Amino acid sequence: MWETLAQAVINGLLIGGIYALVSIGVTLIFGVVKIVNFAQGEFVMIGMYISFFLATQFGIDPLASLVASMPVLFLAGVLIQHFLIRRVLGPNDMPQIFLTFALSLLLLNLSLMLFSANYRTVHTSYSDEAWHIGGLYIPVAKLIAFVVAMALSGLLWVFLHTTDLGRAMRAASQNRDVAMLMGINPNRVFAVAFGTALALAGAAGSLLMPFYSAYPFVGQVFVLMAFVAVVMGTLGNVMGALVASLMMGVAESLGIQFVGADSGLIVVFALLLLTLAFRPSGLGARRGR
Amino acid sequence: MQTSGNMKWLWLAIGAVVMLALPQLVTSSFAIDIFIRILLFSFIGVAWNLMGGYAKQLSLGHAAYFGLGAYTSTIMQVNYGISPWIGMIAGGVVAMLASLPIGWLCFRLRGPYFTIATIATAQVLMLIFLKFRDFAWGAEGTTIPNLGSAPLMMQFEEKSSYYYVVLGLLVVGLWITHQIEKSWIGYYLVAIGEDEDAAEAVGVNAPKVKRDIYMISALLTALAGTFYTQYIYFIDPATAFSFSVSIEAALVSIVGGIGTLWGPVIGTVLLETTSALLQSWLGSSVGGIQLTVYSLILMAVILWRPTGLIGFATDIYHRTIRRKPARA
């Protein structure tokens, strides 16, 4: 019993690390640019395809392809912010939601046209490796993904707290108008925030590749979980998103273990709806509404 | 548009005659199938538009009510032999009742929180129906027994009969929208959509108005669910609670013109015609092309014509014909 429980918690934490990369990106964009990026999952998918092609064409290890997927997606984020998102910023959130939503549909279906719906996998030397500690089973690829995900989250925290640009982003996320009055260039800050968020999604994609298949709909799995975590942890709150992502991973894993193989998501959504019923602004809110 | 009273009735009469005659003039079953899809998604769009368009409550979870309508009538029909005509009403009532707790939960949330919560409610319902294996067939779903010609069981041999049923639904939906549009509740809705706090400050009971209109929106969406299931003779959780139903409901309204009577209809005509043309040109050889084009149209509308095609048409009308400045 305790071993099953501990194993479920470990599995949940390991996948929760990936959810964290996706949800931190969503929450960062919301915090700074004030829009919800419904296409975040599709950038995870693109990150996966980048790693897949680098692995199959040039034999590059998926983990090493982080150095390609992250900058490529950072650049994509800057361009998308500059050419698309900038044009719909304003008090009305309808065009914003639907623009990123249309972007999600576009990327998903373009990838369906280009790559077909087939599942693509990359097999690495450590794909099937696992450590046995006590009675517990820890898959190496997932552990690496978790550790790198946490390291990237840590780097982001350091960036937000110690650099001028990071401070500008935090200032913009706390009070955009005042931050602008203080001389922060919004376009630059927004572009960096969007680029950083997409780079994190790209990293998630590369980290997933050794143990997960790439296919056009793969982003939807992760974005759904990220949205739940982001709302649970309060939109715009990076720490909240990180903690809630790990919680969601564990909740999903416990649901699968103790309720039924198809019930992971039920537990996750039930937790979300309960949270919203009692704390409509999420667990990370500074004060209740 | 400032059409005079008599002109309006003339246009309506011409429209009615054309719509009624259409299945007699065009007999290709492929074409009638497209007409049925256009009418059905217009109707779903009209239902969504009541909340999403007028009150700007951006739900992406209307599949919840579509699925509840579909499942209620199908369970009643397949397990108890009750006619889907009755099941359709029952489904509407179930959806209305379900909209109360869902609305209670979601309407306290604003903006993106609201949208994400609506997605979650539809997903939860889908997951629940996946688990109901005893009376709702679990993930495999079920086919609906084909009785041949049985109008009392909402089954027809002629596709044109389905056409008239869904045409009737759309007329009802448009009539209800029209009644709401010209009554005080319509103004309240628009006020809520503009600025909810300001609307409350001037005495609009926003929670009650939203609850009531959401119930109507849920009811209408459920009717569409029953009709669709009867039309395709099949139900499973993935189709009935499909996210793409929620998307299409919102999409057609936004492309056509949000918060307008005819917006969802015009949006559906454009999107469904485009998708039918693409399908006949390319067949099913290139997966994903249909939605690729959809999303490009949607992006173009959002970036260049945020008021939708209706706003675009009104603009042109005022600039070229009436030479009057268009409404902002």
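This is a predicted model, so every value here is computed, not measured.

Draft legend 1. Examining the interface of chain B and chain A more closely. On the chain A side, the residues contacting the 42 residues of chain B number 40 residues. When the two sides are added together, the surface that chain B and chain A hide from each other amounts to roughly 3700 Å², 80% of it contributed by carbon and sulfur. Considering only the surface of chain B that becomes buried against chain A, Y113, I116 and M299 of chain B emerge as the three largest contributors, covering 17% of it. Put simply, chain B and chain A have zero salt bridges between them. If you look at where chain B meets chain A, you find five residue pairs in polar contact (both at pLDDT 80 or more). For the side of chain B that touches chain A, the secondary-structure elements that each account for two or more residues are α4 (84-106), α5 (111-131), α11 (243-256) and α13 (289-304) of chain B.

Draft legend 2. Representation of the packing of helix α3 (residues 66-83) of chain A against helix α8 (residues 186-208) of chain A in the model. Residues and elements named next belong to chain A. Where α3 meets α8, the axes come as close as 7 Å, and the angle between the chain directions of the two elements is 145°. Read as a crossing pair, α3 and α8 show a hand that is right-handed. Residues L66, S69, M70, L73, F74, A76, G77, V78, I80 and Q81 of α3 form the contact with α8, whose own contacting residues are F190, A191, V192, F194, G195, T196, L198, A199, G202, A203, S206 and L207. Residue composition of the contact of α3 with α8, by class: 15 nonpolar, seven polar and no charged.

Draft legend 3. Quick look at the side chain of T274 of chain B. Take T274 of chain B: it is sitting in helix α12 (residues 263-282). By relative accessible area, which is 18% here, T274 of chain B ends up buried.

Draft legend 4. Geometry of the UniProt feature "transmembrane region" (unreviewed entry) in chain B. Residue and element names in this part refer to chain B. When the UniProt feature table is mapped to this numbering, "transmembrane region" (unreviewed entry) covers residues 9-26, 32-51, 85-105, 162-180, 213-235, 247-271 and 291-317. What you have in residues 85-105 is 100% helix and 0% strand, and the ends, taken at the C-alpha atoms, are 31 Å apart. Helix makes up 76% of residues 247-271 and strand 0%. Its end C-alpha atoms lie 13 Å apart.

Draft legend 5. Inspection of the pairing of strand β2 (residues 136-139) of chain A at higher detail. Residue and element names in this part refer to chain A. One ladder, built from four bridges, connects strand β1 (residues 130-133) with β2; its direction is antiparallel. Across the sheet, H132 pairs through a bridge with Y137, a residue of β2. Counted along the chain from β1 to the antiparallel partner β2, the turn is two residues long, and its residue G134 has a positive phi close to 60°.

Draft legend 6. Region of the structure containing the environment of Q96 of chain A. All names here are of chain A. Within the element layout of this structure, Q96 appears in helix α4 (residues 93-115). Residue contacts for Q96: discarding those within four places in its chain leaves K34, I35, V88, L89 and G90. A polar atom in the side chain of Q96 sits 3.3 Å from the backbone oxygen of V88.

Draft legend 7. Region of interest: unusual backbone geometry. Residue and element names in this part refer to chain B. Notably, K56 is not glycine yet its phi reads approximately 55°, a positive angle. Residue position: K56 is located in the loop between α2 (29-54) and α3 (63-80). You will see that Y233, though not glycine, has its phi angle at about 60°, which is positive. Structurally, Y233 can be placed in the loop between α9 (206-232) and β2 (234-235).

Draft legend 8. Region of interest: the nonpolar core. With 197 residues, the main nonpolar core has F43 and F98 of chain A together with Y71 and F227 of chain B as its most contacted residues. In terms of residue count, α8 of chain A provides more of this core than any other element does, 14 residues in total. Discounting chain neighbours no more than four positions away, the residues touching F98 of chain A are L58, L60, A250, I254, L298 and I302 of chain B. Grouped together as the second largest cluster of nonpolar side chains are six residues, I10, L14, L136 and I138 of chain A included.

Analysis parameters
Residues numbered from 1 in each chain as written. Chains lettered and ligands numbered in written order. Predicted model: local features only at pLDDT ≥ 70, side-chain atom pairs only at ≥ 80, totals over all residues. Heavy atoms only, no water. Contact = heavy atoms within 4.5 Å. Buried area = accessible area lost by both parts, 1.4 Å probe. Salt bridge = Lys/Arg side-chain N within 4 Å of Asp/Glu carboxyl O. Polar contact = N/O pair within 3.5 Å; in protein donor to acceptor, adjacent residues only side chain to side chain. Helix = DSSP H or I, 4+ residues; strand = E, 2+ residues; numbered from the N terminus. Axes fitted to C-alpha atoms, helices over the stretch in contact; angles between N-to-C directions. Left-handed = near helix turned anticlockwise from the far one by under 90°. Nonpolar A, V, L, I, M, F, W, Y, C, P; charged D, E, K, R; others polar. Buried < 20%, exposed > 50% of the residue type's maximum accessible area, 1.4 Å probe, protein only. UniProt positions renumbered as here; feature names shortened; annotations may be inferred. Pairing = 2+ DSSP bridges. Core = buried A, V, L, I, M, F, W, Y, C linked by side-chain atoms within 4.5 Å.

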